[in-house]
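Here's the letter readout for the chains.
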Amino acid sequence: KPKTKRAKRFLEKREPKLKENTKTAMLIRGGNANLTVTEVLKDIYAVKKPFAVLYKKKNITRPFEDQTSLEFFSKKSDCSLFLFGSHNKKRPNNLVIGRMFDYHVLDMIELGVEKFVSLKDVKNSKCPEGTKPMLIFAGDMFDVNEEYRRLKSLLIDFFRGPSVPNIRLAGLEHVLHFTVIDGKIYMRSYKVLLKKSGCKIPRIELEEIGPSLDLVMRRTHLASDDLYKRSLKQPKALKPKKKKNISHDVFGTTYGRIHMQKQDLGKLQTRKVKGLKKRPAEKAAEGGGISSKKSKSA
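Residues numbered from 1 in each chain as written. Predicted model: local features only at pLDDT ≥ 70, side-chain atom pairs only at ≥ 80, totals over all residues. Heavy atoms only, no water.

### Thoughts on the pattern of salt bridges
Phase 1: Enumeration according to the criterion identifies 14 salt bridges in this entry.
Phase 2: Its salt-bridge partner being R99, residue D157 comes within 3.1 Å of it at the nearest N-O pair. Remark: R99 occurs in strand β4 (residues 94-101) and D157 occurs in helix α5 (residues 146-159); sequence separation between them is 58 residues. Residues D157 and R99 agree in their burial class; the two are buried.
Phase 3: A salt bridge links D143 to K152; its shortest N-O distance comes to 3.8 Å.
Phase 4: Judged by its relative accessible area of 52%, D143 falls in the exposed class.
Phase 5: Residues joined in a network through salt bridges with shared partners are K23, R99, D107, E146, R149, R150 and D157. (Salt bridge = Lys/Arg side-chain N within 4 Å of Asp/Glu carboxyl O. Helix = DSSP H or I, 4+ residues; strand = E, 2+ residues; numbered from the N terminus. Buried < 20%, exposed > 50% of the residue type's maximum accessible area, 1.4 Å probe, protein only.)

### Observations concerning the packing of aromatic side chains
Phase 1: Taken as a whole and judged by the stated rule, the model has six aromatic pairs.
Phase 2: Ring centres of F137 and F142 lie 5.3 Å apart, and the angle between their planes is 85 degrees; on these two criteria the pair is classed as edge-to-face.
Phase 3: On the basis of an interplanar angle of 40 degrees and a centroid distance of 6.0 Å, the ring pair of F159 and F178 is categorised as tilted. Of this pair, F159 sits in helix α5 while F178 sits in strand β7 (residues 174-181), and the two are 19 residues apart along the sequence.
Phase 4: In this arrangement the basic side chain of R150 is found over the ring face of Y228, its NZ or CZ atom lying 4.1 Å from the centre.
Phase 5: In this arrangement the basic side chain of R219 is found over the ring face of F64, its NZ or CZ atom lying 4.4 Å from the centre. (Phe/Tyr/Trp six-rings, centres within 6.5 Å; stacked < 30°, edge-to-face > 60°. Lys NZ or Arg CZ within 6 Å of the ring centre and 35° of its normal.)

### Let's talk about a positive patch on the surface
Phase 1: Taken together, K5, R6, K8, R9 and K13 make up a surface patch of like positive charges.
Phase 2: Residue placement: K13 occurs in helix α1 (residues 5-14). (Patch = residues over 30% accessible without salt bridge, like charges linked within 9 Å, V, L, I, M, F, W, Y side chains within 5 Å. Areas by Shrake-Rupley, 256 points an atom, 1.4 Å probe, with all protein chains shown as cover. Lys, Arg positive; Asp, Glu negative; His and termini not counted. Charge placed at Lys NZ, Arg CZ, Asp CG, Glu CD.)

### Observations regarding the environment of K5
Phase 1: On the secondary structure map, K5 appears in helix α1.
Phase 2: The exposed category is assigned to K5, whose relative accessible area is 69%.
Phase 3: K5 sits 31 residues away from T36 along the chain, and the two C-alpha atoms are 44 Å apart.

### Things to note about the UniProt feature "domain: Brix" (unreviewed entry) in the protein chain
Phase 1: Those residues carrying the UniProt feature "domain: Brix" (unreviewed entry) are residues 23-226 in this numbering.
Phase 2: Regarding residues 23-226, the helix share stands at 22% and the strand share at 41%, and the terminal C-alpha atoms are separated by 22 Å. (UniProt positions renumbered as here; feature names shortened; annotations may be inferred.)

### Here we look at the environment of S74
Phase 1: Looking at the secondary structure, you find S74 in helix α3 (residues 68-77).
Phase 2: Sequence spacing of S74 and V105 is 31 residues, and the spatial spacing of their C-alpha atoms is 9.5 Å.
Phase 3: For S74, the residues in contact, after removing those within four places along its chain, are M26, C79, M100 and Y103. (Contact = heavy atoms within 4.5 Å.)

### Things to note about the layout of surface pockets
Phase 1: Volume-wise, the largest pocket comes out at about 1,700 Å³.
Phase 2: What lines the largest pocket is a set of 37 residues, and nearest its centre among them are E20, N21, K23, S80 and S231.
Phase 3: Looking at the lining of the largest pocket, the elements that each hand over two or more residues are α1, β4, α5 and α6 (225-231).
Phase 4: Its residues assigned to classes, the lining of the largest pocket shows 13 nonpolar, ten polar and 14 charged.
Phase 5: Together, 18 residues line the second largest pocket, and T61, R62, F84, S86 and N88 are the ones closest to its centre.
Phase 6: Residue assignment for the lining of the second largest pocket shows that the elements contributing at least two residues are β3 (81-86) and β4. (1 Å grid on protein atoms, 1.4 Å probe; cavity = no way out; pocket = protein on both sides within 12 Å on 5 of 7 lines; lining within 4 Å. Points joined across faces, edges and corners; volume = space filled by probe spheres on them. Nonpolar A, V, L, I, M, F, W, Y, C, P; charged D, E, K, R; others polar.)

This is the structure:
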């Protein structure tokens, strides 16, 4: 139980919510991280800010052998995503990207950095801090292979940023492009330039701003299907309530079915228009003969 009001507010922030807070990532340097890995972590931190925590001190840990230290850091900083960088002779320029579920490692994938171009090396104007990026994935492997499909889901989770109700055209200025070809993953970062086109819709140009990474997949630690399904479970309050006799077509049109008692169409009241009035012949046919007025005149 909290002893102070400050502790009470702190615990309330971490309580389960119907709409969770934006996922935060922690970026951790391994005990033997080299300059390349350190620069990669700094650049990813610059892209991910303000929803990221960068640990500057070296932490001697091996995520695939022992995950307790990662889980401790996750609980301490309230982060559900992590990126761990290390370097050794067997696995040079190594990155481990992963996510947590209930402060336990859900799945993580090890990636090797083969080529790296930092933000400093590209002399172009950068996007402002906190810009929500547009994510583009190219390559059949992201849809065919289970490991690459899980990597795509992990990258979307890592870089998607906050959920926004509305979109402003001028705010769409950062693109992260991931391409998989021949077992290699190419990550490129672009700035969107809106040029004059002579009409309302502007002409779009992409300018590379960095960081640029050529990655190769190494080891994987994927969650079981049951655990992965449990992590995707939504609370009942968020699920839309099913309404009876209402359906939607492909175009989003709503159709409703109304149940009514059987009606006698003969007694249905219609508009009194000359065109809808019955002719004398029709009235005579319904009455079974000539009307009384006509018989008197005759």
